[in-house]
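# Coordinate inspection notes
Chain by chain, the residues:
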Amino acid sequence: MMNYESKHIENHPKYKEISDYGFGSAKHMQSTVLVYLDLCECKQWFNVAIHPCKECDIMFISGQVTALDRTQLIVAVDCIQAIQHIDMEQINTYTNQIQICLPNLGNQTRGLTLAVCSSDSTIVYYKMTSGLIPPENPDLTQQKKLKRKRYFQKAKKCQLSADMTVDKT
């Protein structure tokens, strides 16, 4: 990470909070805070929280895409760490440790999402499971598509009316 960026992250209250856990490398803490901020501010997830897991020597992030969705668990890793050290066996170990570290959340989730952080703050999310996940009900998928379509149509109308208001002045 760039020097300015890392200093900026290190001054964030969440960084200070997770550094009090007493484990994890500086890179892992920076990656965790970057993913936390991305989920909260960019993706606008609900109930986002960071959980320490000393058994794995990592921190998990939990959150929901919408207030009604299932809780998802995310592990942030640096891209160099992801390339060198993360394998499917380790993902399964993390998933099993969730049951121990976070018994309330571990039963509500399916799999684990790996958030790979680049040195330029780019984050790529990979959904990992220990088996196949059955697809959603087609009716539910269709409802989600229609809801998303209505949302974007409404946003487009609002933008057009705002543009017309600006043009009149």
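Now for a description of the structure that goes with this document. (Residues numbered from 1 in each chain as written. Predicted model: local features only at pLDDT ≥ 70, side-chain atom pairs only at ≥ 80, totals over all residues. Heavy atoms only, no water.)

## Digging into the nonpolar core
Grouped together as the largest cluster of nonpolar side chains are 22 residues, with contacts concentrated most on I18, V35, L39, I50, M59, I61 and I74. Of all the elements in the fold, those that place two or more residues in this core are α2 (13-19), α3 (26-42), β1 (46-53), β2 (58-64), β3 (72-78) and β4 (112-117). With 11 residues, the next largest nonpolar core counts C53, F60, V77 and L112 among its residues. (Core = buried A, V, L, I, M, F, W, Y, C linked by side-chain atoms within 4.5 Å. Buried < 20%, exposed > 50% of the residue type's maximum accessible area, 1.4 Å probe, protein only. Helix = DSSP H or I, 4+ residues; strand = E, 2+ residues; numbered from the N terminus.)

## Overview of the packing of aromatic side chains
On inspection of all chains with the given rule, the structure shows one aromatic pair. Taking 5.3 Å as the distance between ring centres and 75° as the angle between the ring planes, the aromatic pair formed by Y151 and F152 counts as edge-to-face. Y151 gets classed as exposed once you look at its relative accessible area, which sits at 56%. (Phe/Tyr/Trp six-rings, centres within 6.5 Å; stacked < 30°, edge-to-face > 60°.)

## Considering α3
With 17 residues, α3 extends 23 Å between its outermost C-alpha atoms, agreeing within 8% with the 24 Å of an ideal straight helix rising 1.5 Å per residue. With 12 of 17 residues buried, α3 is to be regarded as a mostly interior element. H28, M29, Q30, S31, T32, V33, L34, V35, Y36, L37, D38 and L39 are the residues of α3 that are buried. Q44 occupies a position one or two residues after α3 and carries a positive phi of about 55°. (Expected span 1.5 Å × (residues − 1).)

## Remarks on the environment of A67
Here A67 is to be found in the loop between β2 and β3. Using a relative accessible area of 47% as the deciding quantity, one classes A67 as partly exposed. Separated by 21 residues in the primary sequence, A67 and F46 place their C-alpha atoms 5.8 Å from one another.

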